[in-house]
Amino acid sequence: MFPSNVLVGFARAAAGLLVLAIWAGFAAPMARAEAAVKPLAMVIMDPLAKELACACVKGYAQRDYPKLAAYLATELGQPTTFLFAEDLAGALAKLAPNQEILVIGKHSVVTHDAGPAGFKCQPLCRLTAQDGRVTLTGFFVVKASDKAAKLGDLAGRKFFLGSPNADEKNAAALAALRAAGITPPDPCETRATCAGAALDVVDSSLEPPPVGLISSYALPLLEGCGSLKKGDLKVIGETAPVPFITVFAGGAIPAEKQARIRAALLALKARPDMLKALESKDGFVPLPPAAAAAAPGGDWPDWRGAERDGRVPGLPETLPAVARVRWSQPVMNGGLAGVAVAAGRGLVADRDPTDENDVFRCLRAEDGELIWRLAYPVAGSLDYGQFPRATPVIHQGLVYCLGAFGDLRGVNLADGAVVWKKHLVKDLGGARPKWGYCSTPLIVGDWLIVNPGGPAASLVALDRRTGEPRWKTPGQPAAYASFICATFGGRRQIVGYDEKSLGGWDPQTGARLWTLRPPRPGDFNVPTPVAVDGKLLVATENNGARLYDFAADGRLIDPPVAVFADLASDTVTPIVAGRRLFGCHQGLYCLDLAGALHSLWFSRDPAFDGHVSFFASADRVLAVTASGELLLLRAGGAQCEILSRLRVADDDSESYASPAFAGGRLYLRSANTLRCLEL
């Protein structure tokens, strides 16, 4: 089975784990080879590996991973050991600390189990099946004699789901039931194995008969090995596809070696013998963009992300059935400021228990441990509490922290040392808004743009390194929305609100370029403007959603090119996904950006009645409600299609703090807890 220059050693470990060691290209004894080069450990959790499956179906579920190990050992010039296991934590316990580890297994099982096991890993690529797919689904199965023919016929039934770490039998199944208009029982019964669920369906005498969830790959094996007779069950529904076999690199493997391993695996498609051994059509293939984007890495350094648009390269294909909390930290009840994450650190704005001090804490993004804490006294009283409202901004080694009363500080990200400080009222001549300063400071090149709202200092540019003013623009009192900087009509400009109007300003001089007063006065101007392919989308409570174009000189053209009055947002900033706009006002609207803001659909799901924070990729939208519920939607659906939903917060209070999405993790503040969630 192995080339002549490969030596193979076998050992049987405790707990039934099969351990194999392979050395390639070493003429010296194994002990000397092991001493010269530390071994790479492979943990195989693929349910179609021949060591983990039965040989009841010819040419199926007999994947030859020892042959893959021999191939990698030759390609990398490194001894390779591996274990076959169904439990990640148990396998890791058999390996040396800080050992270089590859895990090959079902995507949801590995990602679900990695956190509790303390295993930091990065997905590298996926294995294609014999039909070329890299996904699997869950099958809804009933007795062959059952009169049910589709998911909609299953109301009131008992369901045997899979374990929470098997997305195709749990999270994706729950999403499919909800999409079919069925409210699953809470809690649902689970079965640890596909055989357990299938046999309990066949043997049950319950009325109405129960429904089982099995993995799509399992049915041929259940029938082939005799656990079931062919025809005992029928499939009446299928979940959305979820990722199947994925290769994960442990954190101890350097980035350069990860790249080499990935390249070696991707090159397998040119080896017919390897494709046959792995029962694969195309071998290993790169991760799709959404999965690559959800891998560890990536920052969320500002309000609504680096571009202030809420956009992410990719969102997960489904949400976990239960919250995967990587870490949590207590926070004061009532915080309003968003979370920022960059350079491995997270920033959260707070108050102290006496409510006499603003507090900014820098936490390690990986585990939530405190790195530094900045606190200073701030007296006063505001509606909705004294908490800072503006999201801390992380940029090139500094953090910009703004409090509700106007205290502004530039702080070293490394140690929390204050580099400079200014007060928007006392130093810059501002006039504090009724509900406090809410606009997150805006980075534009070397300037930090703030809106003190004073007659001679409506908008001010500070040197972001020193805090010294570079220009001041007279104007109106401050509004509450954050500003953006984008190109409109061929001209780069700062765009945002003052108390009475929408405007554009020259970033270099502060000169006001244009002013727009809405048809109906009285907007509080809370939602952030949205740049849409050179046009500007705004939404407010008295004037609805409006899309504006610009002249060649950068001036806004009024009237708008499109209006949708029903999207009358008071606090929710809309988001763009593809050629669609999503926004909330007493429900969720999906509008066609290419069709004059025509309404494509509207959802009255109660989750969308209140405040919502949005994230969007090209094909998905993640809505995070103030009550701590996550809803994942398909962006291109003909109607509201909620792929999955997840309740995170366990209290009844609401939080308006905007979450951060960084490296496939959601940093979410509820009423009194900051959580890091693995998505």
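Right above here is the structure, for reference.
Draft legend 1. Inspection of helix H5 (residues 171-179) at higher detail. Summarising burial for H5: 7 of the 9 residues are buried, a large majority. Buried within H5 we find Ala 171, Ala 172, Ala 173, Leu 174, Ala 175, Ala 176 and Leu 177. Looking at the buried side of H5, the elements it contacts are strand E8 (138-143), strand E9 (159-161), strand E11 (211-215), strand E13 (242-243) and strand E44 (642-647). Looking one or two residues beyond H5, the residue adopting positive phi is Gly 181, at roughly 85°.

Draft legend 2. Summary view of unusual backbone geometry. At the junction of Glu 207 and Pro 208, the peptide bond is cis and its omega measures out at -5° in the coordinates. On the secondary structure map, Pro 208 appears in the loop between helix H6 (194-203) and E11. For the bond running from Asp 558 to Pro 559, omega is 20°, close enough to zero to count as cis. Structurally, Pro 559 is set in strand E36 (residues 556-564). With phi around 60°, Arg 308 is a residue other than glycine that occupies positive phi space. Within the secondary structure, Arg 308 is located in the loop between helix H10 (289-293) and strand E16 (325-330).

Draft legend 3. Molecular detail of the packing of aromatic side chains. A full pass over the atoms with the stated rule returns 16 aromatic pairs. Here Trp 300 and Phe 615 contribute two aromatic rings whose centre-to-centre distance is 5.1 Å and whose plane-to-plane angle is 55°, an arrangement assigned as tilted. One end of the pair, Trp 300, is in the loop between H10 and E16; the other, Phe 615, is in strand E41 (residues 612-616), and 315 residues separate them in sequence. Judged by relative accessible area, which is 4%, Trp 300 ranks as buried. Relative accessible area serves as the criterion here: at 1%, Phe 615 is assigned to the buried category. Ring centres 4.4 Å apart and planes at 40° place the aromatic pair Tyr 589 and Phe 602 in the tilted group. Highlighted residues: Tyr 589 in strand E39 (residues 588-592) and Phe 602 in strand E40 (residues 598-603), separated in sequence by 13 residues. According to the relative accessible area criterion, Phe 602 is partly exposed, its value standing at 28%. Among the aromatic residues, those joined into a cluster by ring pairs are Tyr 384, Trp 435, Tyr 480 and Phe 524. Directly above the ring of Phe 160 sits Arg 191, whose terminal nitrogen or CZ lies 4.1 Å from the centroid. Geometry around Tyr 376 places Arg 409 over its ring, the cationic atom sitting 3.6 Å from the centre.

Draft legend 4. Local environment of the pairing of E11. Across the 5 residues of E11, 5 count as buried, placing the element largely inside the fold. In the sheet, E9 pairs with E11 via 2 bridges, with the strands oriented parallel. Opposite Phe 159, over in E11, you have Val 211 as the bridge partner.

Draft legend 5. Quick look at the sheet that holds strand E18 (residues 345-351). Strand order in the open sheet made by the 4 strands is E17-E18-E19-E20, with antiparallel pairing throughout. The sheet is open, and its two edges are formed by strand E17 (340-342) and strand E20 (370-377), each paired on a single side. If you compare each strand with its neighbour and ignore which way they point, the axes differ by 20° on average. For E17 and E18, the ladder comprises 3 bridges, and the chain directions are antiparallel. Paired with Ala 342 across the bridge in E18 is Arg 345.

Draft legend 6. Spatial organisation of the packing of helix H2 (residues 65-76) against helix H8 (residues 255-266). Contact pair H2 / H8: the axes reach a minimum separation of 10 Å and the direction vectors enclose 125°. Here H8 runs oblique to H2, going by the angle between their axes. Considering how the two elements wind past one another, H2 and H8 form a crossing that is right-handed. Every residue of H8 that contacts H2 at Leu 68, Tyr 71, Leu 72, Glu 75 and Leu 76 is listed here: Arg 260, Ile 261, Ala 264 and Leu 265. For the contact of H2 with H8, the per-class residue count stands at 7 nonpolar, no polar and 2 charged.

Draft legend 7. Spatial organisation of H2. For H2, which comprises 12 residues, the first-to-last C-alpha distance of 16 Å matches the rise-based estimate of 16 Å (1.5 Å per residue) to within 8%. Counting buried residues in H2 gives 9 out of 12 residues, a clear majority hidden from the surface. Three or more residues of H2 are buried, namely Tyr 65, Pro 66, Leu 68, Ala 69, Ala 70, Tyr 71, Leu 72, Ala 73 and Leu 76.

Draft legend 8. Structural detail: the pattern of salt bridges. In total, this model carries 39 salt bridges according to the counting rule given. Close ionic contact of Arg 308 with Asp 302 constitutes a salt bridge, the shortest N to O distance being 3.0 Å. Neither residue differs from the other here; Arg 308 and Asp 302 are each classed as buried. One salt bridge connects Arg 326 with Glu 678, and the closest N-O pair in it is separated by 2.5 Å. Of this pair, Arg 326 sits in strand E16 while Glu 678 sits in strand E47 (residues 673-678), and the two are 352 residues apart along the sequence. For Arg 326, a relative accessible area of 24% puts it in the partly exposed group. Where salt bridges share partners, they join Lys 158, Glu 189, Arg 191 and Asp 200 into one cluster.

About the thresholds
- Residues numbered from 1 in each chain as written.
- Predicted model: local features only at pLDDT ≥ 70, side-chain atom pairs only at ≥ 80, totals over all residues.
- Heavy atoms only, no water.
- Buried < 20%, exposed > 50% of the residue type's maximum accessible area, 1.4 Å probe, protein only.
- Helix = DSSP H or I, 4+ residues; strand = E, 2+ residues; numbered from the N terminus.
- Contact = heavy atoms within 4.5 Å.
- Phe/Tyr/Trp six-rings, centres within 6.5 Å; stacked < 30°, edge-to-face > 60°.
- Lys NZ or Arg CZ within 6 Å of the ring centre and 35° of its normal.
- Pairing = 2+ DSSP bridges.
- Axes fitted to C-alpha atoms, helices over the stretch in contact; angles between N-to-C directions.
- Parallel < 35°, antiparallel > 145°, perpendicular 65-115°, else oblique.
- Left-handed = near helix turned anticlockwise from the far one by under 90°.
- Nonpolar A, V, L, I, M, F, W, Y, C, P; charged D, E, K, R; others polar.
- Expected span 1.5 Å × (residues − 1).
- Salt bridge = Lys/Arg side-chain N within 4 Å of Asp/Glu carboxyl O.

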